[in-house]
Amino acid sequence: MLPKYDIIVVGGGHAGCEAAYAAAKMGSQVLLVTMNLQNIAQMSCNPAMGGVAKGQIVREIDALGGGSGKVTDRSAIQFKMLNLSKGPAMWSPRTQNDRMRFAEEWRLQLERTDNVHFWQDMVNGLIVEEGKLKGVKTVMGQEIFSDAVVLTNGTFLNGLIHLGEKNFKGGRSGEGASYGITEQLIELGFEAGRMKTGTPPRVDGRSLDYSKMEEQPGDENPSKFSYSNDTSSLAEQRSCYITYTNDLTHEILRSGFDRSPMFNGAIKSVGPRYCPSIEDKINRFAERNRHQIFVEPEGWNTVEVYVNGFSTSLPEEVQYEALKTIPGFENVKMFRPGYAIEYDYFPPTQLKHSLETKLVDNLFFAGQINGTTGYEEAASQGLMAGINAHLKLVGKKPFVLSRSDAYIGVLIDDLITKGTKEPYRMFTSRAEFRILLRQDNADLRLTKLGHDIGLASDDQLKKVEDKIRVTNSIKDLLKKVSLSPEEVNPLLEERRSALIKQKQKANSILLRPHITLDDIRSVSEFLNAKLTEIDEGNADALIQAEIQIKYDGYISREQENALKLNRLEEVKIPPYTDYSSLSSLSAEAVEKLTKIQPTTIGQASRISGVSPSDVSILLVYLGR
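Residues numbered from 1 in each chain as written. Predicted model: local features only at pLDDT ≥ 70, side-chain atom pairs only at ≥ 80, totals over all residues. Heavy atoms only, no water.

## Regarding the nonpolar core
Within the largest apolar cluster, 91 residues are counted, with the highest numbers of intra-cluster contacts made by Leu151, Leu363 and Ile387. If we ignore the near neighbours within four places in the chain, the residues touching Leu363 are Leu126, Leu133, Val149, Leu151, Leu185, Phe190, Leu355, Glu356 and Thr357. (Core = buried A, V, L, I, M, F, W, Y, C linked by side-chain atoms within 4.5 Å. Buried < 20%, exposed > 50% of the residue type's maximum accessible area, 1.4 Å probe, protein only. Contact = heavy atoms within 4.5 Å.)

## Brief notes about the packing of aromatic side chains
Throughout the structure, instances matching the rule amount to eight aromatic pairs. Between the aromatic rings of Tyr21 and Trp106, the centroid separation amounts to 5.8 Å while the plane-to-plane angle is 85°, which identifies the pairing as edge-to-face. Taken together, the residues span a long stretch of sequence, with Tyr21 in helix α1 (residues 14–25) and Trp106 in helix α4 (residues 99–111) at a distance of 85 residues. Each member of the pair Tyr21 and Trp106 is classed as buried. Between Phe257 and Phe263 the ring centres are 4.5 Å apart and the planes differ by 40°, which places this aromatic pair in the tilted class. (Phe/Tyr/Trp six-rings, centres within 6.5 Å; stacked < 30°, edge-to-face > 60°. Helix = DSSP H or I, 4+ residues; strand = E, 2+ residues; numbered from the N terminus.)

## Notes on the pattern of salt bridges
Inspection of every chain in the model, using the stated rule, returns 35 salt bridges. Arg259 is the salt-bridge partner of Glu317, the closest N and O atoms lying 2.8 Å from each other. Of the two residues, Glu317 sits in helix α8 (residues 316–323) while Arg259 sits in the loop between α6 (247–255) and α7 (278–284), which places them 58 residues apart along the sequence. Taking relative accessible area as the criterion, Glu317 reaches 40% and is therefore assigned partly exposed. Members of the salt-bridge network, linked through shared partners, are Arg403, Asp413, Asp414, Lys418, Glu432, Glu569 and Arg606. (Salt bridge = Lys/Arg side-chain N within 4 Å of Asp/Glu carboxyl O.)

## A few points about the sheet that holds strand β10 (residues 160–163)
One open sheet accounts for four strands, arranged β11-β10-β19-β12; its pairing is antiparallel. Each edge of the open sheet is held by one strand with a lone partner, namely β11 (166–169) and β12 (193–199). Along the sheet, successive strands turn relative to each other by an average axial angle of 25°, direction set aside. The pairing of β10 with β11 spans four bridges and is classified as antiparallel. Within β11, the position partnered with Leu160 by the bridge is Lys169. (Pairing = 2+ DSSP bridges. Axes fitted to C-alpha atoms, helices over the stretch in contact; angles between N-to-C directions.)

## Observations regarding helix α16 (residues 525–535)
For α16, the set of buried residues is Leu527, Leu531 and Ile534. Seen along its axis, α16 keeps its buried residues to an arc of 50°; they face one direction. Exposed residues lying more than 90 degrees from the buried face of α16 are Glu525 and Glu533. If you follow the buried residues of α16, they end up packed against α12 (458–480), α14 (506–510), α15 (517–523) and α17 (539–550). Looking one or two residues beyond α16, the residue adopting positive phi is Gly537, at roughly 75°. (Arc of directions from axis to C-beta.)

## Focus on the packing of helix α2 (residues 54–64) against helix α9 (residues 375–393)
At a minimum axis separation of 9 Å, α2 and α9 run at an interaxial angle of 25°. Here α2 lies roughly parallel to α9, going by the angle between them. The crossing of α2 and α9 is left-handed. Taking contact as the criterion, the partners of Lys54, Ile57, Val58, Ile61 and Leu64 in α2 are, on α9, Glu376, Glu377, Ala379, Ser380 and Leu383. (Parallel < 35°, antiparallel > 145°, perpendicular 65-115°, else oblique. Left-handed = near helix turned anticlockwise from the far one by under 90°.)

Right, dumping it as structure tokens:
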């Protein structure tokens, strides 16, 4: 009944949406198969996008031509730039979002995209012939053929939901689990594992007393995620709130530990280290008498509230009694309890850097199936899998981002090279070159690359070229304009910085700590007038020029280090190298190298258990 497609994307979550969107924009005929078309792009957990490192990923997706940035902007109810008190490498954009509008915006964006087709069904098998993917099978008996398949199954593969002593099969609250795929992949030779994640209760905002909480408004001058002119910053915002647990809260929670699947052995898999359940927090950090609770609205017009920081799988009556002890929650009404969910994943060392599997040609994995956690991590993998599935079919080489190109490159390289035994979450500390990988320059780093592969538009590229041109003109201006002692010394004295005795160039003054471009504009009428001419519509260029001048030494040093690393990435290792024949390698190195089959010396050097001496032996073997 259904025709053959170029690519089938299985699953309509964040990874699936990006995979379908990217491959279709590049020209492939894409079928998005999902169990329920009404639940495309559900924010299954918190109604937010971005945050530390995650915000950088969303901007990278947008810079490459993906869809998450625009969808996020169009459904945002609050915007905050985190870590502004730190250096620009740590600045991280984050939004609160309207859950229903986010899903609607993704659905509409996909429907407006030529080449995206939809089918509601559950995929329960793959059609594989002679080690090559040929299509999928569904529970309704359909055999749908394609040249490539991207699996983005989220938490649905053999999903098991835990709530106190009860457990039931499901991939998400109110939705069934998916069966058949794991078992078939194991038969094909794949290694599988189990992971666990959880979510907090949702409550009725009308039953909360916000006067007992600390208000957390958005930024006074909010920015946005997408670099394009298709979205705009928020004119109004909704506040979040902070409150705290206390000793009584913890006492009530502990009373339910004997019925907690976390402690009674019902949950056997590993949960996210950096987003622990409330029972895990009070057990591991018993010395702390309170924990933060973030009270987050779920949208513009709904009364539903997300209780961030209270992820739990305790019995619902324990959850309810504990919530009532939190300031502001004394009269709380619960919409639905929190729960934990266990699901299947496949250790990502079984993938190539393109996210294609090593065992089956034209089969790609993206998202939680690879052991990650978080919307942003999933979306970025979906984008890369969609891109590479399309490129594979048109006979072009894979599109791979290096660790110095993007956080997306760090994420995928970590997964492929090191694997993960717990839900992987991105942090800035995972990147060696985070001064290069800032949220403000994702377009400068990636839009040309996205345009070269046919994903980023001509308009996107022109906008970046204009930004580069204006940034350079601002830097040139600051190098030419001199500031006199009379102009700048009052400012320097106020900031407790050494005074000048003769004129100095503006860029030299800008290098000083605690001196900003706005400071310099305030003391030089000439410079302010010139920059005001540029200012209109070029705020990003002004920020970029200031960062590039102020941190030039650090940026240059990291670029040099990145070049050194990239030289190792250029030393290729032949496929199917017999490492056991290299007698000088350590036994651990032989085992790890044989399992992961790194493609370059750079990748080999990052494998846990491969020492610098092992790398030297490989270089000698390769004649380098």
